[in-house]
Amino acid sequence: MSVTLKDVAQAARVSVSTASRALTGTGLTSERTQQRLTRIARELGYRPNPIARGLKTGQSRLVALLVHNLTNASFQVMAEVVQARLKALGYQMLLCIGGDDPQQESDTLTTLVDHRIDGLIVVPTGKNGPQLKALAKDVPIVCLVRRDDATDLETVLADDPQGAYLGTRHLIELGHKRIGLIVGRQDTTSGRERLSGYVRALREAGITKDDTLIHAGHFVPETGVTGCRKLLDLPRPPSAIFVANHEATLGVLRVTAERNIAIPDDLSLLCYEDMPWFEWHRPAISIVDNGARDLANLAVDRLLQRMDAKGNGKGNGNDGVREYRVGARLIKRDSCRQLDTPISARSTKPKSSPSKSSGSKSAASKSSAAKPAKV
């Protein structure tokens, strides 16, 4: 049987209200009384009920982070940053996985309402705008990575158009003209914006957009498998592939391994968003870094400010909506090479020899800083 606040009060021979004030630090109790009640509560094994406390104080000290998956290394980094920041301030983070599924996201949002969360950072599917809008009347919310076009919620985004532009331009500067793109769904912010950056770089270089070189799909490894196979099976396959759907990278690497394609000798490969083993991979994989740590820190900063505004009686914490961008940067490693032979002379057919690796030194381009922008 669990120990209740009443048990602690009886053991200390004080009223329940005095015990409550002493253990929460919210009332007029002497330091000596507070120390004695804390010691007795610890000896008895008393644990406060956060839901009951939330009903009484209006604060649960719970903040939720809702992301699509933990396959994406950026989401892992974001979860670590958010948890550490909140823990330092006495909050508990509820990590929720939505699977990029609208129904699962909707069910999760309903559950979070029942837990009376104090705030929410969400990577939205873009399909539950009305529900998010209704929740925002009571709970401060910050959208992360994606914008929900059906709402005007504050949003923290990577500079995906610029990131995709930098990556595509890098491949063009290396001499590639047939550049395959594997990108996210076009009904998502990141999917649309990364495609726009790719198209802009092609247009500036005078290269005609070829729709057969573009494969869009869900944010899962299978998208990389399907897209990579289609690209490599073209009569004129690309000399480079830009994988702008992070989860799809795993699928692309599977296909290149299955076909014994040497990177970068047979195919240059550039990926969006970093993960630690990309640098350890041989060859080390060139990436466009979306600044996951900076994105998470900025999202926490904005959420805390909105929570403070609500706590101070300044609206519901979702007034004065803005959109913020964190600069993307290109990190050059070893998976992209200068194209010095005609495309027609190159082959992406399966080989009997294992993949080769390159040993050139890594270098990173200058990154842009986070900047606010009006919606």
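For the structure, see preceding data.
Residues numbered from 1 in each chain as written. Predicted model: local features only at pLDDT ≥ 70, side-chain atom pairs only at ≥ 80, totals over all residues. Heavy atoms only, no water.

> Explain the nonpolar core to me, and be specific about the residues and the numbers.
Nonpolar side chains in soluble globular proteins generally cluster together in the buried interior. Within the largest apolar cluster, 48 residues are counted, with the highest numbers of intra-cluster contacts made by Leu 181, Ile 182, Tyr 198, Ile 241, Phe 242, Val 243 and Leu 269. For this core, the leading source of residues is helix H8 (residues 160-173), giving five residues. Aside from chain neighbours lying at most four places away, what touches Phe 242 is Ala 164, Gly 167, Thr 168, Leu 171, Ile 179, Gly 180, Leu 181, Ile 182, Leu 270, Cys 271, Tyr 272 and Val 288. Formed by 29 residues, the second largest nonpolar core is a distinct cluster that contains Val 67, Met 93, Leu 298 and Val 326. (Core = buried A, V, L, I, M, F, W, Y, C linked by side-chain atoms within 4.5 Å. Buried < 20%, exposed > 50% of the residue type's maximum accessible area, 1.4 Å probe, protein only. Helix = DSSP H or I, 4+ residues; strand = E, 2+ residues; numbered from the N terminus. Contact = heavy atoms within 4.5 Å.)

> So what about the pattern of salt bridges? Which residues, and what values?
Side-chain pairs of opposite charge can arise where the charged atoms are in close proximity. One pass over the structure, following the stated rule, counts 25 salt bridges. Across the pair Asp 187 and Lys 127 runs a salt bridge, and its minimum N-O distance is 3.2 Å. Of this pair, Asp 187 sits in the loop between strand E6 (179-184) and helix H9 (189-204) while Lys 127 sits in the loop between strand E3 (119-122) and helix H7 (129-135); the two residues are 60 residues apart in sequence, bridging distant segments of the chain. Owing to a relative accessible area of 38%, Asp 187 belongs among the partly exposed residues under this scheme. The salt bridge partner of Arg 259 is Asp 233, with a shortest N-O separation of 2.9 Å. Residue Arg 259 is located in the loop between helix H11 (248-258) and strand E9 (268-272), and its partner Asp 233 is located in the loop between helix H10 (221-232) and strand E8 (240-243); the two are separated by 26 residues in the primary sequence. Via salt bridges that share partners, Arg 147, Asp 149, Arg 192, Glu 193, Glu 323 and Arg 325 belong to a single interconnected network. (Salt bridge = Lys/Arg side-chain N within 4 Å of Asp/Glu carboxyl O.)

> Quick one: what's the story with a nonpolar patch on the surface, residue by residue and with numbers?
On the surface, Leu 70, Leu 95 and Ile 97 cluster together into a nonpolar patch covering about 230 Å² of accessible area. Checked against the element boundaries, Ile 97 lands in strand E2 (residues 92-97). Overall, Ile 97 belongs to the partly exposed group, its relative accessible area being 35%. (Patch = residues over 30% accessible without salt bridge, like charges linked within 9 Å, V, L, I, M, F, W, Y side chains within 5 Å. Areas by Shrake-Rupley, 256 points an atom, 1.4 Å probe, with all protein chains shown as cover.)

> Any chance you could break down the packing of H8 against H9 for me, citing the residues and the numbers?
In the contact formed by H8 and H9, the axes pass within 7 Å of each other and the chain directions differ by 40 degrees. Regarding the angle of H8 to H9, the classification is oblique. Note on packing geometry: the crossing formed by H8 with H9 is right-handed. Touching Asp 160, Pro 161, Gln 162, Ala 164, Tyr 165, Thr 168, Arg 169 and Ile 172 of H8 are Ser 190, Glu 193, Arg 194, Ser 196, Gly 197, Tyr 198, Arg 200, Ala 201, Leu 202 and Glu 204, all from H9. The class makeup of the residues in the contact of H8 with H9 is seven nonpolar, five polar and six charged. (Axes fitted to C-alpha atoms, helices over the stretch in contact; angles between N-to-C directions. Parallel < 35°, antiparallel > 145°, perpendicular 65-115°, else oblique. Left-handed = near helix turned anticlockwise from the far one by under 90°. Nonpolar A, V, L, I, M, F, W, Y, C, P; charged D, E, K, R; others polar.)

> So what about the side chain of Asp 160? Which residues, and what values?
When you line up the elements, Asp 160 lands in helix H8. Among the polar contacts listed, one links the side chain of Asp 160 to the side chain of Tyr 272, at a separation of 2.8 Å. (Polar contact = N/O pair within 3.5 Å; in protein donor to acceptor, adjacent residues only side chain to side chain.)

> I'd like a rundown of the packing of aromatic side chains, residues and numbers included.
Inspection of every chain in the model, using the stated rule, returns two aromatic pairs. Judged by centre distance (6.3 Å) and plane angle (20 degrees), the ring pair of Phe 242 and Tyr 272 falls under stacked. A residue pair is termed long-range when its members are at least 10 positions apart, and Phe 242 in strand E8 and Tyr 272 in strand E9 qualify at 30 residues. Assessed through its relative accessible area of 0%, Tyr 272 is described here as buried. The cationic tip of Arg 61 hangs over the ring face of Tyr 91; the distance from NZ or CZ to the ring centre is 3.8 Å. (Phe/Tyr/Trp six-rings, centres within 6.5 Å; stacked < 30°, edge-to-face > 60°. Lys NZ or Arg CZ within 6 Å of the ring centre and 35° of its normal.)

> Describe the side chain of Arg 325, with residues and values.
Relative to the assigned elements, Arg 325 resides in strand E11 (residues 323-326). A polar atom in the side chain of Arg 325 sits 2.9 Å from the backbone oxygen of Ala 158. Within the local environment of Arg 325, its side chain forms a polar contact with the side chain of Glu 193, the two groups lying 2.8 Å apart.

So far we have only geometry, and geometry alone does not tell us how the molecule works.
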